Amino acid sequence: MENLTVIVLAAGGGTRMKSKTMKVLHPVGGRSMIGHVLSAVQAMEPSRIVAVVGHQRDQVGPHIQQLVPDAVLAVQETQDGTGHAVRVACEAAHVREGTVVVAAGDTPLLDGESLRAFVEDHASSGRAVSILTGVVEDPFGYGRIVRDETGDVAAIVEEKEADEEVRAIREINSGILAFDAGFLTDALARIRNDNAKGEYYLTDAVGLAREAGLRVGAFTVDDVRQTEGANDRAQLAELGRELNRRIVTRWMKEGVTVMDPATTWIDADVVLEPDVTVLPGTQLLGATVVREDAVVGPDTTLKDCEVGVGARVVRTHAELAVVGDGATVGPFSYLRPGARLGAEGKVGAFVEVKNADIGDGAKVPHLSYVGDAEIGEGTNIGAGTIFANYDGVAKHRTVVGRHARTGSNNTFVAPVRIGDGASTGGGTVVREDVPAGALAVSSGAQRNIEGWVVSRRSGTAQAEAAQGGVLDGGAGTEE
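Quick notes on the rules
Residues numbered from 1 in each chain as written. Predicted model: local features only at pLDDT ≥ 70, side-chain atom pairs only at ≥ 80, totals over all residues. Heavy atoms only, no water. Helix = DSSP H or I, 4+ residues; strand = E, 2+ residues; numbered from the N terminus. Rg over C-alpha atoms; globule rule 2.2 N^0.38 Å. Buried < 20%, exposed > 50% of the residue type's maximum accessible area, 1.4 Å probe, protein only. Contact = heavy atoms within 4.5 Å. Areas by Shrake-Rupley, 256 points an atom, 1.4 Å probe, with all protein chains shown as cover. Lys, Arg positive; Asp, Glu negative; His and termini not counted. Charge placed at Lys NZ, Arg CZ, Asp CG, Glu CD. Pairing = 2+ DSSP bridges. Axes fitted to C-alpha atoms, helices over the stretch in contact; angles between N-to-C directions. Left-handed = near helix turned anticlockwise from the far one by under 90°. Nonpolar A, V, L, I, M, F, W, Y, C, P; charged D, E, K, R; others polar. Patch = residues over 30% accessible without salt bridge, like charges linked within 9 Å, V, L, I, M, F, W, Y side chains within 5 Å. Salt bridge = Lys/Arg side-chain N within 4 Å of Asp/Glu carboxyl O.

## Some details on the overall build of the protein
- When its secondary structure is counted, the protein shows ten helices and 36 strands.
- Its C-alpha radius of gyration of 33 Å places the protein more than 25% over the 23 Å reference for a compact globule of 479 residues.
- Seen along its three principal axes, the alpha-carbon backbone of the protein occupies a region of about 115 × 50 × 40 Å.
- With 479 residues in all, the protein has 46% of them scored as buried.
- Taking the intrachain contacts of the protein between residues at least 6 apart in sequence as the baseline, contacts between residues at least 24 apart amount to 40%.
- For the protein, the accessible surface area stands at approximately 23000 Å², while carbon and sulfur atoms represent 49% of it.
- Each charge class in the protein was averaged separately, 46 positive and 66 negative side chains, and the resulting centres sit 4 Å apart.

Put into structure tokens, the structure is as follows:
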């Protein structure tokens, strides 16, 4: 859209949030509220985006420029109303011509397609002002759209100023407006603050346009919920539920099976391929990607993870981890940042993995900790194995070669290397490198001390059992 400026208002304090975090920075669906707005705005491919910041601008400004590096930041030193905010924005970006769209920074359901349709309607109509409106069942609290006999907008009347006839109108002002830039810059200089709050209201531009004989129109959006803002935590939670419902529904229509949408949460930036199955109680967060035919859940949380084709991840918590094609994880596994499981590999029950590469077909079946390690393809790690990677000062790496077989209850004291095809005995503590094909053991021959329990635990149930017991654990014989 040629010469389109979008102004996003993000200067208000948001005191009803009762938070040290600025209102527009509160997260919902994996993005900040203003992050959702900026994403919708960028879908219009505007010439420039201007964000008006004020309260906590040291937080808000850098966040906006991280998301939109070329955004212009306009500082509203004092919050003197929407008209004042837009004037500050126009001055900062030197807006003189084209189309100007004004949106709020706290409407996370806002959709880029709706914005594009709104601006196209405004541009084709030749209006000075266009208002994005919606028809609602209960318009209480919203400014009403009063139309004239031609269908153009005669006025926006706020709730407290409306009579009974106007209060009955169900078409409301969303707060999103489009202007001819030439008219807007002239109108901003003429808006007055002679009202109860002493603020400059952008909606006063409607009256100025009508007085000048210019057209003011409205574009009614079917999905008015996308213009709703959040002023407190309860409203934010409600918008979050609605956003999640929309995201989950969209993925189901794209060929993803979601067994229980009510207990499934999917962030806005998650990518799912067709024939993925998501089981109940699952959260897919951040930039997680799940490839086709994979099954995730139940009761699983993945954040910024990649799950390969046909993989299975069950009752697992993972962050910044990669699960290869056909691999299996869980139940009750914990993949920490840097965990990478190769194709057809396995991380089993009660296994924690951190900053480790587990090769194709390699298995860590159960009850183990694998940290700062490399495990070669086809290797099997015995149950209860600990990769002791931290010496109290620094962390060190363990390398296990291909097709190795390690015994249960091993401890690998890093840095150490176990060669290709090597084995380790049960209970072994590996402190030195193990050559390829070798067997490492660290315990001596077993020694049984006969009668130890009876002599040292006399009078206990254990001693009584020992006195009448037999080797295989069966019942003793009576004399």
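## Focus on the sheet that holds strand E34 (residues 423-424)
- The sheet built from three strands is open, its strands ordered E31-E34-E36 with parallel pairing. Both edges of this open sheet fall to strand E31 (405-406) and strand E36 (439-440), since each of them pairs with a single strand only.

## Section: the packing of helix H1 (residues 33-42) against helix H2 (residues 57-67)
- Relative orientation of the contacting elements H1 and H2 amounts to 40°, with a least axis distance of 11 Å. Crossing handedness for the pair H1 and H2: right-handed. The residues of H2 that touch H1, namely those facing Ile34, Gly35, Leu38 and Gln42, are His63, Ile64 and Leu67.
- Residue composition of the contact of H1 with H2, grouped by class: four nonpolar, three polar and no charged.

## Topic: a nonpolar patch on the surface
- Side chains of Phe332, Phe350 and Leu367 sit close together on the surface and give an oily, nonpolar patch of about 330 Å² of accessible area.
- By the element assignment, phenylalanine 332 lies in the loop between strand E24 (328-329) and strand E25 (333-335).
- A relative accessible area of 44% places phenylalanine 332 in the partly exposed class.

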